[in-house]
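# Chains, contacts and geometry: an overview
Next come the chains, spelled out residue by residue.
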Amino acid sequence: GVSNNVQLVVNMGAITTTAPQLKLQGSEDNVNWYDISTALTAVASSTVQITVSTVSSTFIRAIVSTA
């Protein structure tokens, strides 16, 4: 299969409660999802990013794993 690099960049404003954690997930059928990144904790008033190299998933999504 084809491998790609995947990057998620989040520009976070103020956080008034728990800082959200974000993950990237991959899927071959858009039904069954698996983690392709570790959790990234957002930081108030800053930009954070996740980069994952050599991803061969057909579908990619970003999810909030903790909020």
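What comes next is a walk through the structure. Bear in mind the structure is a predicted one, so any value in this text is a computation, not a measurement.

Next up on the list: the overall build of the chain. Scanning the chain for helices and strands turns up zero helices and six strands. Along its sequence from the N terminus, the chain presents helices and strands in the succession β-β-β-β-β-β. The principal-axis extents of the C-alpha atoms in the chain amount to approximately 40 × 20 × 15 Å. Among the 67 residues that make up the chain, the fraction classed as buried is 30%. Contacts spanning at least 24 positions in sequence make up 65% of the contacts within the chain whose residues lie at least 6 apart. Accessible surface, the chain as shown: approximately 4,300 Å² in total, 49% of it carbon and sulfur.

A separate point is unusual backbone geometry. The phi angle at Ser-45 is positive, at roughly 55°, despite the residue not being glycine. Given the relative accessible area of 62%, Ser-45 is considered exposed. A positive phi is found at Thr-54, a non-glycine position, where the angle reads about 50°. Here Thr-54 is to be found in strand β5 (residues 46-55). Its relative accessible area of 61% is what places Thr-54 among the exposed residues.

Our next topic: the pattern of salt bridges. A complete count under the given rule lists one salt bridge for this structure. Between Lys-23 and Asp-35 there is a salt bridge whose closest N-O contact spans 3.0 Å. Remark: Asp-35 occurs in strand β3 (residues 34-35) and Lys-23 occurs in strand β2 (residues 21-27); sequence separation between them is twelve residues. By relative accessible area, Asp-35 is classed as partly exposed at 41%.

Moving on to the nonpolar core. Soluble globular proteins tend to pack their nonpolar side chains together in the buried interior. Counting residues in each nonpolar core, the largest one holds 13 residues, and the members touching the most others are Leu-8, Val-10, Leu-24, Ile-50, Val-52 and Val-55. Sorting the residues of this core by element identifies β1 (4-12), β2 and β5 as the ones contributing at least two each. Residues within four places of Val-55 in sequence aside, it is in contact with Val-2, Ser-3, Asn-4, Val-6, Ile-36 and Ile-60.

Inspection of the secondary structure assignment puts Ser-46 in strand β5. Between the C-alpha atoms of Ser-46 and Asn-11, which are 35 residues apart in sequence, the distance is 6.0 Å. For Ser-46, the residues in contact, after removing those within four places along its chain, are Val-10, Asn-11 and Met-12.

Parameters and conventions
Residues numbered from 1 in each chain as written. Predicted model: local features only at pLDDT ≥ 70, side-chain atom pairs only at ≥ 80, totals over all residues. Heavy atoms only, no water. Helix = DSSP H or I, 4+ residues; strand = E, 2+ residues; numbered from the N terminus. Buried < 20%, exposed > 50% of the residue type's maximum accessible area, 1.4 Å probe, protein only. Contact = heavy atoms within 4.5 Å. Areas by Shrake-Rupley, 256 points an atom, 1.4 Å probe, with all protein chains shown as cover. Salt bridge = Lys/Arg side-chain N within 4 Å of Asp/Glu carboxyl O. Core = buried A, V, L, I, M, F, W, Y, C linked by side-chain atoms within 4.5 Å.

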